Amino acid sequence: MAEVVGMALLSVVVKMVLEKLASPDVYDLIRGKKLTQGLLRKLKIAVLSVNAVLEDAEEKQLMKPFVKNWIDELKDALYDADDILDQMATEAMRSKLVAEFHTATGKVRSYISTFLERFVNEIEPKIKDVISRVDDLAKQKDLMGLQEIAGRSQSKRLPTTPSFEESRTFGFDDDKKKIIDLLLSDDASRDQSVIAIDGMPGVGKTTLAQFVYSDSTVKKHFSLEVWFCISAEFLVSKVQKSIIEAVTSSPCNSEDPTMVEEQLKGNLLGKKFLIVLDDVWSEDPVHQEFLSKLLQYGVQGSKILITTRHQSVASAMHASATHSPKKLSEDDCWELFAKQAFGDDCSDSRKELEEIGRQIIKKCKGLPLAVKAVGALLWSKLDADEWNKILQSNLWDLPINEKDIKPALRLSYIYLPSHLKQCFAYCSIFPKDSILEKDRIVLLWMAEGFLQPSKFETMEEVGHRYFLDLVSRSLFQQWSEDKSLFGMHDLIHDLAKSVAGQFSFMLKQGDTTNEIVKMTRHFSCSGASLDTFVKFEEALSKVKQLRTFLALDSSSWNSKMFGKNLLHNALPMLSCLRVLSLPHNRDITYLPNSIGKLKHLRYLDLSFTRIKRLPKSTCKLINLQTLKLSGCKHLVALPKHMWKLTSLRQLDIAGTGIKKMPEQLGSLKCLHTLTKFVVGKRSGSSIRELGKLKNLQGRLSISKLQNVVPPKDALNAGLKDKKHLEKLALEWDATTPRSGSERIVLESLRPHTSLKSLTIKGYGGGIFPDWVGHCSFSNIASLHLSGCKNISSLPSFGQLRYLKELSIVGLDRVSTLGHEFCGNSSTCSSSIQPFGGLKVLRFEKMSGWQKWLSSSSAEKEGGAFPNLKELYIRYCPKLKGGLPIHIPSLAKLEIKSCPKLVASLLESQLRTMSENASIVLVELPTGKRKLEVKSVNEVASLERIMDNNSLQELQIYICDSLMSFPWGGQLLALKSVSIIKSPKLKLPIDTNYSALETLSLEESCESLSSFPLALFPKLKDLSIERCEVECLTVPQQHESDLVISKIQIVWCDKFVSFPQGELRNLTSLVVVDCESLTSLPDKMNQLLPSLITLRIDGCGQMKLFPEDGLPSNLNSLTIRHCDKLFDNRRRWGLQKLSSLTKLTIGGVAKGVKSFPESRLLPTGLIDLRIYDFRELKSLDKDEFQCLTSLQKLYLSECKKLEHMPEEGLPASLSLVKINVCPLLKRQWKRKRGKEWLKTAHVPNIMIDRKWIQKLSV
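Residues numbered from 1 in each chain as written. Predicted model: local features only at pLDDT ≥ 70, side-chain atom pairs only at ≥ 80, totals over all residues. Heavy atoms only, no water.

### Quick look at the confidence of the model for the protein chain
So, point 1. Across the protein chain, the average pLDDT comes to 83, with 86% of residues at or above 70.
So, point 2. Per-residue pLDDT stays below 50 along residues 153–167; that stretch engages in 31 contacts with residues further than four places along the chain or on separate chains.
So, point 3. Long-range and interchain partners of residues 856–861, a stretch whose pLDDT sits below 50, account for eight contacts in this model, where long-range means more than four residues apart. (pLDDT = per-residue confidence, 0-100. Contact = heavy atoms within 4.5 Å.)

This is the structure we're talking about:
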């Protein structure tokens, strides 16, 4: 019954058709054509006859579900009617354009008349067909007993948008405390590091996780936090990339899984992190292993928090603790409901409605989502009758289960204003957990014709109002503090999908196209596999009336098939398209000429494709409103006749290679967004064209300003009058000769004072005009100056009270930054706090800059830079000092390749410092700091850059000549030290390292031959790589004091021995490429009782494991490239290790043609990985039949391997991956033959990183 509420959409479609029937364009087209006029009159009468009973149909369809078919048929017919009317309006507009842009001779008038006559003759049969269908359906309404009833009352109170941050947790206080307590416990075992929140849909799992995630205590405890929505499809690669992007704040574009994993590992090592995985459905052991691997990368105390609907998922992910939020109490329900329904209203009307409201919330059964939705619904209603209607609705009595849509959500849709219903339903074509960009959604709604024109608002403003209405009704939720990003709860998405019905369809990876039916109008595809694209093309041929083709993730598509089939074959069939969105497909290099036949097209998105040109036929798209080409670096020009696109409102060409503009762009009077304008020398492409575009808003970049001739012609751009422009970039080409009149040009380009962001690049004048930096531009929040080579002094930017980010790059003639920088302008108020709002300040490539004369008086008063968070000074080789003394809020200081400044701050007495000398000082979430020092020769003191005991992490990098470091004083609180490529640096043995927990040495401290563990009593993680260390030592009396849990020794050629004492907390031991090492510690079973991970790789001299065997708790063992040790494999004794579940063996050069031998492996193995067996031809049948618990098998670089065990692989296997095994690949890829039959029962099989069989999630 969930689809029942979808009938309400019909009234919107009816209204749309009636409006177009009354359109002046349609009327003009059929003037004098009596037959066509009569047909449209009949159509209008038929539509009005069904319109009268729609309210009754919406009410009665609950008891008469067969009404759904009637309404679907009616809606389908009306969509066709709308297409016909839109086509008529389009031809009327085209005729007007022809007449307007050509001399109205008798020949032209005759052509137009003949063309229109032919068009009308073609369209009349289509109108007759629609009338017949609507008439038939209208006759059926009486048989169904549908009657005309009064419409619902409209809202009497305007909705408002709730803020993103809830002030109360509404019943979650106890739940929140329990989860936070679990997260803050630094458990000794990583087995205690996965925590789950489970519960039924709508109970508040995600909300609770958000409260925890944003808690200040949690943020201080973890150095890294990442949130990722999983939903039904758990894609490890997406989670990996999301984490990398969160750490690096830059996109991860690599498609190499190995590279991604290494990058992930590098970014998590040494960090205490919290990763929240929202809405997990998978119970696959592969995903549990992924979580386990993530936790191994982080330091002790790292946590993963998952939310899930099912307890079985929590168990499968090895959650150590599971918390199920309780339903809200009646009092908490009322508080949440009242906040949504009344806001701050304390009037008598509230008291009258409270009794009804308390009865309504009882029907919500304690589910926060339901309470919030119905409360938001009633916010716009003050009439008690309306509240009673909600209370007494039959929807509350429908039988429901966990998968059904809650009655409160159904009601929130039914009582939406009609103009919002279609906007809401349309969003069902986006996947669950999608981030909805408000601006993009509004443009899509506009293209579909959902926005009602207003005399007082632009279409975009109407769309934003609609969007915020849906937010206020809790149908959209703000995604983050970014007010442009939103999401939909899973149950809300289910509601949107149900009301859209068969008119919308989303193709997901692995789906078939069977659900695409003739009525489908809106189509999207997310991560769709085009391996079966022929069937897909066949399916599209059924839906020739398709209005929306939205590719949500076309970057992963089989692009060759995509270009051949969709662009050339399917696209011309889809003549009714309003929306065509194909962004991020790197293999789209052009569009076919047939694009010009899409007469209805209003939205075209080719962003970040490799398109090189647009065909001339693009200029026939006279309905086109939005054209997105941002990031198309290979696009160098637009079609010549762009001026014909008179409906164009949004033209985004930012980041393209466009070098000149088409002429007469000023004719596009509807244009609201133009992101880039290249000034031409010809009159049709001069800067005057911008002056004709009166409605420009948003962002605008004007380049090649050297072409403005005469200079005062820049006044004709009219920037001073464009009050809705928010971001402005002004650029000169620095490679062209200077005219000497650039100041006049810049003076004439003075923008409106409402501007929020300004960039000036390549300006060649000696001084800036007065308006640059003037305090009247108080709204500017971001200011960037770059490549202004002749500027010698800076304006008083300190007077811009709302300036948050200032970047100054490549101003080579500036030698001194004086007091005027903070502000001493006589025209501005002296009471303005210098740089009072500045958060980020950057200076780069200032080759002549020597002094910074900071405003000492302002600093003493705490006035200058009071809120500065980040200060970057890069590539300023002559700068000696003078940084502001007091910056109270500074969280990051980066000084890069500024040798004189670095020497001054570190109090170095050396005459020369490396030109790459750098310092980075960062505040951590704990309030302590992290210091990175690179390419310095001497560090005498740290007093000038930090307070005592404030340093928690230290990294010393490529300090070739650095011999000592001031380890005392400020370094007593150090918890993490990393020293890389600093061979002469010494670690003194008389220093207090009592707080140190993590230490990493790489190609450093060459004088250190014996590493004394006793000096580091709290050390948990030790990594030594490419060093001269020969042994680790610990006096027997200190054994019990050590807490070390991880030791990694890599490429240490001289390393020969481990300490002989007990390391009871050691859980992981990794030894790689230590050529002199001959043995592991004796009595490992006794002395290393907690060891669960052991890796021995490239230790050619090692022959045997200790006599008493390996530790009994060992869980994971890796042995690679250890020839002598492998030769003695019969003496490994692995069968005694009942805890061993993961074994990796590799790097066997010769002598092994069948593996493994009998009784070599423990029978409890779950995960077996065999790498680089160069002569291996077959897997042993007897041994594999004993591995009854084996679930995963990995085979890599076994180039001669061609036979699986005769009896086949174990039935327990769920995953097999092979890589660079050509003989196996040849046999398996065909999916037939003897070898395939041995493997075919395994549900998931991957060859060279491509799935050939994937039967389970």
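### Brief notes about the sheet that holds strand E15 (residues 650–652)
So, point 1. Taken together, the eight strands give an open sheet; going across it, the order is E9-E10-E11-E12-E13-E14-E15-E16, and neighbouring strands pair in parallel fashion. Bordering the open sheet on either side are strand E9 (504–508) and strand E16 (673–674), each of which pairs with just one other strand.
So, point 2. When strand E13 (residues 603–605) meets strand E14 (residues 626–628), the two strands line up parallel, connected through three bridges. Looking across to E14, one finds that Tyr603 is bridged to Thr626. (Pairing = 2+ DSSP bridges. Helix = DSSP H or I, 4+ residues; strand = E, 2+ residues; numbered from the N terminus.)

### Some remarks on the side chain of Gln288
So, point 1. Structurally, Gln288 can be placed in helix H12 (residues 285–297).
So, point 2. Gln288 has contacts with Ala316, Met317 and His318, leaving out every residue within four places of it along the chain.

### Here we look at empty space enclosed by the protein
So, point 1. Enumeration according to the criterion identifies nine cavities of 30 Å³ or more in this entry.
So, point 2. Approximately 100 Å³ is the volume found for the second largest cavity.
So, point 3. Along the walls of the second largest cavity sit 14 residues, with Trp967, Leu974, Val977, Tyr993 and Leu996 positioned nearest its centre.
So, point 4. Its residues placed into classes, the lining of the second largest cavity shows eleven nonpolar, three polar and no charged. (1 Å grid on protein atoms, 1.4 Å probe; cavity = no way out; pocket = protein on both sides within 12 Å on 5 of 7 lines; lining within 4 Å. Points joined across faces, edges and corners; volume = space filled by probe spheres on them. Nonpolar A, V, L, I, M, F, W, Y, C, P; charged D, E, K, R; others polar.)

### Things to note about the sheet that holds strand E8 (residues 485–487)
So, point 1. Strand order in the open sheet formed by three strands is E6-E8-E7, and the pairing between neighbours is antiparallel. With partners counted over all chains shown, the strands left at the sheet margins are strand E6 (436–437) and strand E7 (477–478), one partner each.
So, point 2. With two bridges joining them, E6 and E8 adopt antiparallel strand pairing. Looking at E8, one finds that Glu437 is bridged to Leu485.

### Looking at the packing of aromatic side chains
So, point 1. If you walk through the whole model with that rule in mind, you get 29 aromatic pairs.
So, point 2. Plain terms: the ring middles of Phe821 and Phe843 are 6.2 Å apart, the flat faces sit at 55° to each other, and that makes the pair tilted. Placement of Phe821 in the loop between strand E23 (816–817) and strand E24 (840–844) and of Phe843 in strand E24 is noted, with a sequence separation of 22 residues between them.
So, point 3. Given the relative accessible area of 1%, Phe821 is considered buried.
So, point 4. Note on Phe843: relative accessible area 0%, which makes it buried.
So, point 5. Here the aromatic rings of Phe1155 and Phe1173 are separated by 5.0 Å at their centres, their planes lie at 50°, and the arrangement is tilted. Of this pair, Phe1155 sits in strand E41 (residues 1154–1155) while Phe1173 sits in strand E42 (residues 1167–1173), and the two are 18 residues apart along the sequence.
So, point 6. An aromatic cluster of three or more residues is present, and its members are Phe797, Phe821, Phe835, Phe843, Trp849, Trp852 and Phe865.
So, point 7. Lying over the aromatic face of Trp1051, Arg1026 brings its terminal NZ or CZ to 4.1 Å of the ring centre.
So, point 8. Stacked on the ring of Tyr1194, the Lys or Arg Arg1169 has its end atom at 3.9 Å from the ring centre. (Phe/Tyr/Trp six-rings, centres within 6.5 Å; stacked < 30°, edge-to-face > 60°. Buried < 20%, exposed > 50% of the residue type's maximum accessible area, 1.4 Å probe, protein only. Lys NZ or Arg CZ within 6 Å of the ring centre and 35° of its normal.)

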